[in-house]
Amino acid sequence: MKVAKKKPVLQHLNQVFSLNVDNRSSANHIPVLRQWRQWIWQTCKNSYKRANIAILLCDEEEARQFNHDFRHKDYATNVLSFALNEGEDMYLPDSAELHGDLIFCPQVIEKEAMAQHKPLIAHYAHLTVHGILHLMGYDHIDDDEAEIMEALEIRILHQLGYANPYAQDEY
């Protein structure tokens, strides 16, 4: 009976949420598709009726090149976000669809998780939520924006069952 009840929900979710994951990295410990879907949909479901997201996982050299080409920073970073039609009025509240790409570097993510003494999967969840919020138009350039974005990250991660990723930064 439970499977029958879940099927219509899953069918509906597949109709409104498209996710493509391309793993070009050599990493072995990456989230499964179900986890990516859960993290992304939890982040954007209250603001968008539909989402079309592509995820690319790449090794450090390719991630460094993307960061250099698009942010003029010469190092591999954990996640990059590219919103479709970035800079246009796609962030209006009545926008029904979220489209964008996330690029992850598993090697950087693994190093950060170890250095910060965080479970790897929790760090992936945090960076996914963080990246999706960027696609939704949130940023952390100034302190006020950072406060808003971090509060959203903490709330969404709590809903997903993860600890506050900023807790170790608090005094």
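Before reading on, note that the structure itself is shown above.
Computed from a predicted model, the values in this text were never measured in an experiment. (Residues numbered from 1 in each chain as written. Predicted model: local features only at pLDDT ≥ 70, side-chain atom pairs only at ≥ 80, totals over all residues. Heavy atoms only, no water.)

Here the focus is the overall build of the protein chain. Summing up its helical and strand segments, the protein chain has 6 helices and 4 strands in all. Reading the secondary structure of the protein chain in the N-to-C direction produces α-β-α-β-α-β-β-α-α-α. Of all 171 residues assigned to the protein chain, the portion counted as buried reaches 39%. Restricting the contact set of the protein chain to residue pairs at least 6 apart, pairs at least 24 apart contribute 65%. Accessible area for the protein chain stands at about 10300 Å²; split by element, carbon and sulfur atoms hold 51% of it. (Helix = DSSP H or I, 4+ residues; strand = E, 2+ residues; numbered from the N terminus. Buried < 20%, exposed > 50% of the residue type's maximum accessible area, 1.4 Å probe, protein only. Contact = heavy atoms within 4.5 Å. Areas by Shrake-Rupley, 256 points an atom, 1.4 Å probe, with all protein chains shown as cover.)

Our next topic: the packing of aromatic side chains. The final tally for this structure, using the stated rule, is 8 aromatic pairs. When the ring of Trp39 is compared with that of Tyr162, the centres are 6.4 Å apart and the planes differ by 70 degrees; the resulting orientation is edge-to-face. Of this pair, Trp39 sits in helix 2 (residues 33-44) while Tyr162 sits in the segment after helix 6 (143-159); the two residues are 123 residues apart in sequence, bridging distant segments of the chain. Taking relative accessible area as the criterion, Trp39 reaches 0% and is therefore assigned buried. The structure contains a cluster of three or more aromatic residues connected by ring pairs, namely Trp36, Trp39, Phe104, Tyr124 and Tyr162. (Phe/Tyr/Trp six-rings, centres within 6.5 Å; stacked < 30°, edge-to-face > 60°.)

With respect to the helices, strands and loops of the structure, Gly137 is situated in the loop between helix 5 (120-135) and helix 6. For the pair Gly137 and Ala83, spaced 54 residues apart in the sequence, the C-alpha separation amounts to 8.6 Å.

Core analysis: the largest hydrophobic core is formed by 32 residues, its most contacted members being Cys44, Ile53, Ile55, Leu98, Phe104 and Ile132. Contributing elements (two or more residues each) for this core: strand 1 (17-23), helix 2, strand 2 (50-57), strand 3 (79-83), strand 4 (97-104), helix 5 and helix 6. The greatest single-element share of this core, amounting to 7 residues, is contributed by helix 5. Excluding anything up to four places from it in sequence, Ile55 contacts Leu19, Asn20, Val21, Asp22, Trp36, Ile40, Leu102 and Phe104. Judged by nonpolar contacts, the second largest core, of 9 residues, contains Cys58, Phe66, Leu80 and Cys105. (Core = buried A, V, L, I, M, F, W, Y, C linked by side-chain atoms within 4.5 Å.)

Right, let's talk about the pattern of salt bridges for a bit. Applying the stated criterion to the full structure yields 4 salt bridges. Arg64 is the salt-bridge partner of Asp74, the closest N and O atoms lying 2.4 Å from each other. Residue Asp74 is located in the loop between helix 3 (60-71) and strand 3, and its partner Arg64 is located in helix 3; the two are separated by 10 residues in the primary sequence. Put simply, Glu61, Arg64 and Asp74 are held in one network by salt bridges that share partners. (Salt bridge = Lys/Arg side-chain N within 4 Å of Asp/Glu carboxyl O.)

Moving on, we come to the environment of Tyr48. Mapped onto the elements, Tyr48 comes out in the loop between helix 2 and strand 2. The sequence separation of Tyr48 and Glu97 amounts to 49 residues, and the corresponding C-alpha distance is 5.5 Å.

A few words on the pairing of strand 1. One ladder, built from 7 bridges, connects strand 1 with strand 2; its direction is parallel. Counted as the bridge partner of Asn23 is Leu57 from strand 2. The handedness of the strand 1 to strand 2 crossover, carried by helix 2, is left-handed. (Pairing = 2+ DSSP bridges. Right-handed = clockwise from strand over helix to strand, strands pointing away.)

Of note, Glu153 is situated in helix 6. One buried charged side chain, Glu153, makes no salt bridge at all; its nearest oppositely charged neighbour is Lys118, positioned 9.0 Å away. (Lys, Arg positive; Asp, Glu negative; His and termini not counted.)

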